[in-house]
Amino acid sequence: MGTRQNSGVDQDSDGQPGGTPAPGRSAADHTPDTPTGQATTGQAPTGQTTTTRPRRPDPTQDKYRDLCSVLTDELLPGTAKRADLVLALEYAGPWSHDILDGDTLDPELSRRIRSFAKSHRAGIHFIRKPGRAGRRRTGSTLFIAHARAGVLERLTLDGPEDLPDLELGGPGETPGAERVTAPVMLVCTHGKRDRCCAVFGRPVAAALEHAFPLDQVWESSHTKGHRLAPSMVLLPSNHSFGRLTAPQAATVLGQATRGELPVLGNRGRGTLDAAGQVAELAVAQAVVDAGRTVGLTGLDVREPSADGDGPGAGPGGPGEGTTAPSATRASDPGEAEWRVVTETSTGRTWEVGMTRTEVGPVVSSCGGTPKTTTAWTATTVREL
C-alpha cells in the first residue's frame with residue numbers, strides 16, 4: 001500500500017481515548033438565533049436586515065467549557081474553506097495532526113500527494129466510514145467534487161499510493177470515475193487536529209450514518225473551522241456547515257438530497273470569497289423567508305460593475321456614481337462591500353451590501369487565547 005501507521009497512536013483514538021466519543025451537546029445548545037447566524041429580513045424595514053449572532057452553549061453548563069467551539073462567538077457565514085476542486089480519499093488508518101505531515105503516510109508519499117493536490121489546485125481530505133467498522137475496510141473510495149459545476153464523481157483506488165498517478169480531469173474526464181447523484185456530507189472528527197472535532201463531530205457522524213445509509217456520510221480529516229464544531233462539508237457544492245445538532249444536520253442533508261440549498265448552520269460555499277459567501281446566504285435566507293426554496297447551486301454571485309452598467313447600478317448601490325469595491329478588502333471594521341446575486345432558474349437578482357464588523361471572542365483552537373476579529377455582515381438585501 002505504500003503507507004505506514006504512526007506507532008504509538010491508538011487505532012481508535014484520534015483525540016478521543018478508547019474510541020468512545022464523548023457526548024455531544026443538546027439541541028438547545030446548538031440552536032442558533034437565526035438559521036445562518038447572520039442578517040435576516042423578517043422584521044427589518046424594507047431592504048434592510050438585522051444582524052444576530054449564533055447562540056453559543058452556556059460555558060457554565062457545559063462540561064467541555066474549555067473547548068474552543070464552546071468559547072467562540074463568531075458569525076458562521078463567510079468562514080468556509082476555499083476550493084473549487086475537492087478530493088476526499090478514504091484512509092482507514094489513524095490520522096496525525098496533519099494528514100500529509102509524514103506521520104499518517106510515509107514522507108515521500110505525503111510529498112507526492114501534496115504536489116498532486118497543488119498541481120490541480122485541489123483541497124484534500126482523508127475520509128472513513130463512521131464507527132469501528134470504518135477502520136477495517138479495504139480499498140480506498142475517492143470522491144472528486146467539481147464544486148463550481150456541482151458534479152460529484154467516485155472511483156475506487158487500491159490505496160493512497162494510487163492518487164498521485166491518477167489522470168485527473170474535469171467532469172466526466174477522469175478514467176474510471178462514475179457520476180454520483182446524491183450529495184455527500186463530510187463530518188470532521190479529526191481529534192488529533194483539535195479535540196472539538198472528536199467530541200462534537202463523532203456523535204453527529206454516527207447519527208447521520210444511521211439516517212443516511214447509502215454512503216452519503218463520512219468522517220473527515222480537518223475541514224477548517226474546528227472552533228465552529230461540529231464542522232461539516234457538503235459535496236459537491238462545497239458548502240461548509242457548523243454548530244449543528246445531529247437532528248439539524250439530518251435536516252440539512254435531507255434538504256441537500258432534495259436539491260435545496262440549506263441555510264441552517266451554513267458557513268458559505270467554498271467556491272466564493274468570504275464576502276461572496278455572506279451575500280449568497282443572505283439572499284438564500286431572504287428567499288426562504290419568502291416561503292420558497294432555492295437550488296443547491298442555484299445562486300450566481302458576482303461583483304457589481306465598476307462603471308454602473310448592468311446589475312448593481314440601482315439607487316443606493318455602488319453603481320450610483322461610485323466605484324465598486326475590489327474583491328480583496330482590508331480587515332478594518334466599517335469597510336463596505338457589495339455583491340450581486342442572481343437566481344439562475346428565474347433570473348431574479350438581488351444586491352447585497354455588507355460591512356465589516358468586529359466579532360469575538362474567537363478561539364481558533366483548543367487551548368488558544370481568545371481574540372477579536374472582523375467578519376462581513378450583510379446589512380442590505382435589495383431585489384433589483
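Cut-off values and rules
Residues numbered from 1 in each chain as written. Predicted model: local features only at pLDDT ≥ 70, side-chain atom pairs only at ≥ 80, totals over all residues. Heavy atoms only, no water. Salt bridge = Lys/Arg side-chain N within 4 Å of Asp/Glu carboxyl O. Helix = DSSP H or I, 4+ residues; strand = E, 2+ residues; numbered from the N terminus. Buried < 20%, exposed > 50% of the residue type's maximum accessible area, 1.4 Å probe, protein only. Contact = heavy atoms within 4.5 Å.

## With respect to the pattern of salt bridges
Opposite charge on two side chains makes pairing possible when the charged atoms of those side chains draw close.
Next, step 1: Going through the model one piece at a time under the given rule, you end up with 14 salt bridges.
Next, step 2: Its salt-bridge partner being E108, residue R111 comes within 2.7 Å of it at the nearest N-O pair. Of this pair, R111 and E108 both sit in helix 3 (residues 107-119), separated by three residues, roughly a single helical turn.
Next, step 3: Under the relative-accessibility criterion, R111 is labelled partly exposed at 41%.

## Quick look at the environment of Q255
Next, step 1: Topologically, Q255 is positioned in helix 5 (residues 246-257).
Next, step 2: Linking Q255 and T293, residues 38 residues apart in sequence, is a C-alpha distance of 9.6 Å.
Next, step 3: If we ignore the near neighbours within four places in the chain, the residues touching Q255 are E260 and P262.

## Observations concerning the environment of H146
Next, step 1: With respect to the helices, strands and loops of the structure, H146 is situated in strand 3 (residues 140-146).
Next, step 2: Taking the C-alpha atoms as reference, H146 lies 7.7 Å from S237; in sequence the two are 91 residues apart.
Next, step 3: If near-sequence neighbours (up to four positions away) are discounted, H146 is found in contact with D84, L85, V151, E153, G169, G170, P171 and P236.

Take it as geometry only, folks, not as evidence of what the structure does.
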